[in-house]
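Structural overview for review
Chain by chain, the residues:
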Amino acid sequence: MDWSFQLYSARNYQPWDKVLKALASVGYKEVEGYGGVYEDPQAFRALLDHNGLSMPSGHFGIDLLENDFPKAADIAATLGMKLIACPYLEAADRPVDAEGWRAFGRRLARIGEKAKAAGFDFAWHNHDFEFVALPGGLVPQRLILEAAPDIGWEMDVAWVIRGGADPLPWIDEFGARIMAAHVKDIAPQGQATNEDGWSDVGHGTVDWAGLVATLRKRTPAKYFIMEHDNPADFERFARRSIAAAKTF
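Residues numbered from 1 in each chain as written. Predicted model: local features only at pLDDT ≥ 70, side-chain atom pairs only at ≥ 80, totals over all residues. Heavy atoms only, no water.

Re helix H10 (residues 234-245)
In this model, H10 (twelve residues) spans 16 Å end to end at C-alpha, consistent with the 16 Å of a helix rising 1.5 Å per residue. Those residues of H10 that sit buried are Phe234, Arg236, Phe237, Ala238, Ser241, Ile242, Ala244 and Ala245. Lining the buried residues of H10 we find strand E1 (3-5), helix H1 (16-25), strand E9 (198-199) and strand E10 (223-226). (Helix = DSSP H or I, 4+ residues; strand = E, 2+ residues; numbered from the N terminus. Expected span 1.5 Å × (residues − 1). Buried < 20%, exposed > 50% of the residue type's maximum accessible area, 1.4 Å probe, protein only. Contact = heavy atoms within 4.5 Å.)

Below you can see the structure in the form of structure tokens.
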């Protein structure tokens, strides 16, 4: 199994040629893109090829996906992607009631139809806010997935946990739709405060060995993507995480 690396984790450690060389040197074969690497897709593809890396998945903001999908599709195709994931909704844009979240799900469904027509898989990538129940108890993540039954889910497990939910029942219920997983770890309470409380994978509190086994068994996920939102040393994070992952 090839482990991937979300390049957002190295956004503060450019230039990208050195980042990609470092990732390849410790054993990564895949990376996941985000907006910061799309300015010149052909040049970035050349860097990937030079380092023996592929980019089978990437994050694209909802504004680009809704307003200029052909541009997003061209970037994705140039970089060799198979999966397009929409990663976030700004706080000011988040619905406040159930119907608002259903409407957002329908927006994602329309993007998913465009992606499918263009030959891509499409998924929503969660954070923590989708697991905070609305008044009355409905959970936004469920409303999104039910309103968009044909889209996939890129499950960021650590954000599920930070949102107060147990990922295992969600994997049981929606496993068939989980196309990718973000592999991110949470430091013990009070530790790694300079890194927003995140940890190198395998060195935190999340049972990643058990979760990877469950995800392999219960989902069609092809991409397992290392991520750390604010590493003090991205090479340390990349190296220690893939070393731990090889024991899962």
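Topic: the environment of Thr78
Tracing the sequence through the fold places Thr78 in helix H4 (residues 69-79). If we skip the residues at most four places from it in the chain, Thr78 touches Pro41, Gln42 and Arg45.

Quick notes on the sheet that holds strand E2 (residues 30-33)
With parallel pairing, the eight strands of this open sheet are ordered in space as E1-E10-E7-E6-E5-E4-E3-E2. Each edge of the open sheet is held by one strand with a lone partner, namely E1 and E2. Averaged over all neighbouring strand pairs, the angle between strand axes comes to 30 degrees, with direction disregarded. With four bridges connecting them, strand E7 (residues 178-183) and E10 associate as parallel partners. Across the sheet, His182 pairs through a bridge with Ile225, a residue of E10. On top of the sheet, helix H8 (residues 167-174) reaches strand E6 (152-156) and E7; it is set at about 165 degrees to E6, its chief contact. Lying over the sheet, H10 contacts E1 and E10, oriented at roughly 165 degrees with respect to E1. (Pairing = 2+ DSSP bridges. Axes fitted to C-alpha atoms, helices over the stretch in contact; angles between N-to-C directions.)

Topic: the pairing of E6
With five of five residues buried, E6 lies mostly within the body of the structure. The two faces of E6 match: Gly152, Glu154 and Asp156 on one face and Trp153 and Met155 on the other face are all buried. Where strand E5 (residues 121-125) and E6 come together, three bridges link them in parallel fashion. Within the sheet, the bridge partner assigned to Trp124 lies in E6 and is Trp153. With four bridges joining them, E6 and E7 adopt parallel strand pairing. What sits directly across from Asp156, in E7, is His182.

Some thoughts on the nonpolar core
Among the nonpolar cores identified, the biggest contains 79 residues, and Phe5, Leu7 and Leu108 are the most heavily contacted of them. Looking at which element gives the most residues to this core, the answer is helix H5 (residues 98-117), with seven residues. For Leu7, the residues in contact, after removing those within four places along its chain, are Trp16, Val19, Leu20, Leu23, Val31, Glu32, Tyr34, Val37, Phe44 and Met55. Leu83, Ala180, Tyr223 and Ile225 belong to the second largest nonpolar core, which has five residues in total. (Core = buried A, V, L, I, M, F, W, Y, C linked by side-chain atoms within 4.5 Å.)

Notes on H4
Owing to its 3.6 residues per turn, the α-helix aligns residues three or four sequence positions apart on the same side. Within H4, the full set of buried residues consists of Phe69, Ala72, Ala73, Ile75, Ala76 and Leu79. What you see down the axis of H4 is that its buried residues fit within an arc of 160 degrees, all on one side. Residues of H4 that are buried in the fold lie against helix H2 (41-50), strand E3 (54-59), helix H3 (62-67), strand E4 (83-86) and H5. Where H4 terminates, the next one or two residues include Gly80, which has phi positive at roughly 85 degrees. (Arc of directions from axis to C-beta.)

Treat this as a map of the structure, not an account of what it does.
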